[in-house]
Amino acid sequence: MSDTVEKVPTAEASSSSVEASITGENTEPTTTTEKTKWGDVEDDDEEESDAVSELKYLSIKDEEKPESILDEPEDSNIKAVTSGDTPYTSASRFEDLNLSPELMKGLYVEMKFEKPSKIQAISLPMIITPPHKHLIAQAHNGSGKTTCFVLGMLSRVDPSLRQPQALCICPTRELANQNMEVLQKMGKFTGITAEVAVPESNQGVTTARRAPVSAQVVIGTPGTLKKWMAFKKLGLNHLKILVFDEADHMLATDGFRDDSLRIMKDIERVNPNYQVLLFSATFNETVKDFVQRTVKSPNQLFVKREDLALDSVKQYKVVCPKEQDKIEVIKDQIMELGDIGQTIIFVKTKVSASKVHKALAEMGYDVTSVHGSMSQEDRDKIVKEFKDCLTQVLIATDVLARGFDQQRVNLVVNYNMPTKYETGEPDYEVYLHRVGRAGRFGRKGAVFNLLLENGNDKEVMEKIERYFGAQVKEIKSWNSEEEYKGALKEAGLLDE
Ligand code: ADP
Ligand code: MG
């Protein structure tokens, strides 16, 4: 570790202002009792307890941005620390990466990308260049981290070897499925095979009976991957690259740390030279410290907490006298504002989800909701409908807080503020990830934080603002149509 050389952020390694998301969600378990508090908090009581804690992460700058619809997500400082003496040159074009013609075609024809985003430009040479060092990479929500590790996996797989060679581990089934879709699209012309490992009904039986995995890339959630390994269905002998998406959550004690460490050790035993990639928009000090001690001589990319906010997403708070007023705000102000794209309303528990769903449905609004206690099939169906734009408003627990990528989402409502299950302290990372569901790849967005007059909401909000050095504007009167309109105009979502 002493060979780390600090590279001053150069013109190459400079800013991009989009962010990615991760969040702890324990979504794996459906029939089993793995971890249950993630994503969905227990439903003891509607009124979440919220508490307080330290500050850390995001910042919201209110500076004027040029009025392009799509701000280049290129503007925040990513600090690079490279390990050893391998020189890396940032790739300003995909051509600089020496990718196969099949992969180039995937990028241009299928993905319709024109050039790499900042995090792609910096991280891809580190990932692809021998000796294939480990990488810990932090970059903004929506800045294109998926492409970094998907290209990393695809470019390292030997297409002639019909064995698992790349493994990507994600916290939720939704994210595993989404990453699989990206991989299949980007790798369409490569002939590389891939399989998703997420829970299905009847999993015990199907796992025992299934054939060993021959797919070259496997993307899944920890519970299912562990089962496949336990049943000797997933061979590790040829694995050369292991990716953790939402890595801070995958390595947090209240996330999937034990599973993740176990899988890393299992691979390392048979393949000491494998490469680990850890990607997230958030790495709090505790997790950062842990991964830096766990992963040997990695290249590292980090973004300062204050630089993590997305400039293109405006944040607002509104104090509501009563719980019911939050529903009124959503109904009278937010839903009535016309066609402003898709909306995600984040709630804390499945009980809150049902309550908000019911209230809005009774008023004639067409809404859907998703949480961890639903069947796999229902979850998949609701998310697919939303991705296909068949529904406009999705009520979700934190199962969707991290990673979920839907470019048309430009409004996020925090019906409940994100707090830690155990302590009631603000969950800073989850807050940042929820915000990051809007404003994908530099698009415009707005977030409304609905705070109850009584209780801890206001304190939680304050702590979040301080932690990220963020300025969250207040909507002064909770039922003033003019103020909401003004906010959305300011956010660039409504015409003047
Ligand atoms: P992150 O994981 O960093 O939050 P994603 O990988 O989900 O972000 O990417 C966010 C969005 O940006 C996706 O819809 C993706 O298709 C798009 N995107 C990624 N890279 C590029 C690029 N180079 N050019 C254009 N769009 C991109
Ligand atoms: Mg992501």
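Computed from a prediction, not measured in an experiment: that's the story for all the values here. Per chain, residue numbering runs from 1 following the sequence as it is written. Going through the entries in the order they are written, you letter the chains from A and number the ligands from 1. This being a predicted model, a pLDDT of at least 70 is required before a residue's local features are given, and a value of 80 or more before pairs of side-chain atoms are given or counted; all residues contribute to the totals for chains, interfaces and linings.

Visitor: Explain the packing of helix H2 (residues 118–128) against helix H3 (residues 145–156) to me, please; I cannot follow it from the model alone.
Guide: Two quantities define a packed helix pair, namely the angle between the helix axes and the distance between the axes. Contact geometry for H2 and H3: axes closest at 9 Å, N-to-C directions at 25°. As summarised for this structure, H2 and H3 are arranged roughly parallel, according to the angle between their axes. Where H2 crosses over H3, the two elements pack in a sense that is right-handed. Facing Ile119, Gln120, Ser123, Leu124, Ile127 and Ile128 of H2, the residues of H3 in contact are Lys145, Thr147, Cys148, Leu151, Gly152 and Ser155. In terms of residue class, the contact of H2 with H3 is made up of six nonpolar, five polar and one charged. Only the stretch in contact is used when a helix axis is fitted, and all axes are lines through C-alpha atoms; the angle between N-to-C directions ranges over 0 to 180 degrees. Labels follow the DSSP assignment, with helices taken as runs of H or I lasting at least four residues and strands as runs of E lasting at least two, numbered in each case from the N terminus. When describing relative orientation, an angle under 35 degrees is termed roughly parallel and one over 145 degrees roughly antiparallel, while 65 to 115 degrees is termed roughly perpendicular and anything else oblique. Handedness of a crossing follows from how the near helix is turned relative to the far one, being left-handed for an anticlockwise turn of less than a right angle and right-handed for a clockwise one. The contact criterion used here is simple: two residues whose C-beta atoms, placed from the backbone, lie within 7 Å are in contact. Three categories are distinguished: nonpolar for Ala, Val, Leu, Ile, Met, Phe, Trp, Tyr, Cys and Pro, charged for Asp, Glu, Lys and Arg, and polar for the others, with Gly belonging to the last.

Visitor: Looking at this structure, how should I read the sheet that holds strand S14 (residues 393–396)?
Guide: Through backbone hydrogen bonds, the strands of a sheet pair up, either in parallel or in antiparallel fashion. Pairing within the open sheet is parallel, and its seven strands lie in the order S13-S14-S12-S15-S16-S11-S17. Taken across any chain shown, the strands that pair with only one partner, and hence form the sheet edges, are strand S13 (367–370) and strand S17 (473–475). Adjacent strand axes in the sheet meet at a mean angle of 25°, parallel and antiparallel pairs treated alike. The sheet contact formed by strand S12 (residues 342–346) and strand S15 (residues 409–414) spans five bridges and is parallel. Across the sheet, residue Ile344 finds its bridge partner in S15, namely Val412. Contacting strand S11 (313–320) and strand S16 (445–452), helix H14 (residues 457–468) crosses the sheet at an angle of about 140° to S16. Strands pair, by our definition, only if DSSP identifies at least two bridges between them.

Visitor: Help me understand the pairing of strand S5 (residues 166–169) in this model?
Guide: Within a regular strand, the side chains alternate between the two sheet faces. Residues of S5 alternate between two faces, with Ala166 and Cys168 on one and Leu167 and Ile169 on the opposite face, all of them buried. Where S5 and strand S8 (residues 241–245) come together, four bridges link them in parallel fashion. Across the sheet, residue Ala166 finds its bridge partner in S8, namely Ile241. Backbone-placed C-beta atoms define the burial measure: a residue is buried with 20 or more other C-beta atoms within 10 Å of its own, exposed with 12 or fewer, and partly exposed in between.

Visitor: Any chance you could explain the nonpolar core here in plain terms?
Guide: One recurring pattern in soluble globular proteins is that nonpolar side chains are buried together. With 129 residues, the main nonpolar core has Met153, Ile219, Leu278, Ile345 and Ala446 as its most contacted residues. Each of domain 1 (19–307) and domain 2 (313–490) accounts for three or more of the residues forming this core. Setting aside anything within four residues of it in sequence, one finds Ala446 in contact with Val313, Lys314, Tyr316, Asn410, Leu411, Ala438, Ala487, Leu488, Ala491 and Leu493. The term nonpolar core refers to a group of buried residues, namely Ala, Val, Leu, Ile, Met, Phe, Trp, Tyr and Cys, whose C-beta atoms join them within 7 Å. All the domain ranges listed were derived from an automatic or database domain assignment.

Visitor: I'm lost on the confidence of the model for the chain in this one. Help?
Guide: Parts of the model with low pLDDT should not have their predicted coordinates read in detail. Known as pLDDT, the predictor's per-residue confidence is scaled from 0 to 100. With 84% of its residues at a pLDDT of 70 or more, the chain shows a mean pLDDT of 86. Confidence over residues 1–38 falls short of pLDDT 50; this stretch has 143 contacts with residues more than four positions distant or in other chains. Below pLDDT 50 for its whole length, residues 42–74 participates in 99 contacts with residues either more than four positions away or in separate chains.

Visitor: Would you mind going over unusual backbone geometry with me for this structure?
Guide: Peptide bonds are mostly trans, and most non-glycine residues show a negative phi. The omega torsion across Pro130 and Pro131 is 10°, close enough to zero to call that bond cis. Summarising the element assignment, Pro131 is placed in the loop between H2 and strand S4 (135–138). At Lys232, a residue that is not glycine, the phi angle is positive and equals roughly 60°. Structurally, Lys232 is set in the loop between helix H6 (222–230) and S8. We classify Lys232 as exposed; it has 8 C-beta atoms within 10 Å.

Visitor: Can you help me understand the environment of Glu482 in this one?
Guide: Tracing the chain through its elements places Glu482 in helix H15 (residues 481–490). Of the residues examined, Glu482 has 9 C-beta atoms within 10 Å and is grouped as exposed. Residues Glu482 and Gln333, spaced 149 residues apart in sequence, show a C-alpha to C-alpha distance of 9.3 Å.

Visitor: Would you mind going over the environment of Ile263 with me for this structure?
Guide: Inspection of the secondary structure assignment puts Ile263 in helix H8 (residues 257–270). Judged by C-beta crowding, with 23 C-beta atoms within 10 Å, Ile263 ranks as buried. Measuring from C-alpha to C-alpha, the distance between Ile263 and Pro222 comes to 8.8 Å, with 41 residues separating the pair along the chain. Residues within four places of Ile263 in sequence aside, it is in contact with Ile169 and Leu225.

Visitor: Teacher, can you tell me more about the pairing of strand S7 (residues 217–220) here?
Guide: Side chains of S7 alternate between two faces, with Val217 and Ile219 and Val218 and Gly220 buried alike. Summarising the sheet, S5 and S7 pair through four bridges and their orientation is parallel. Paired with Ile169 across the strands is Gly220, a residue of S7. Sheet topology note: the strand S6 (residues 194–197)/S7 ladder contains four bridges and is parallel. Counterpart to Glu195 in the pairing with S7 is Val218. Following the chain from S6 across helix H5 (residues 203–209) to the adjacent parallel S7, one finds a crossover that is right-handed. A crossover counts as right-handed when, viewed with the strands pointing away from the observer, the path leading from the first strand over the helix to the second turns clockwise.

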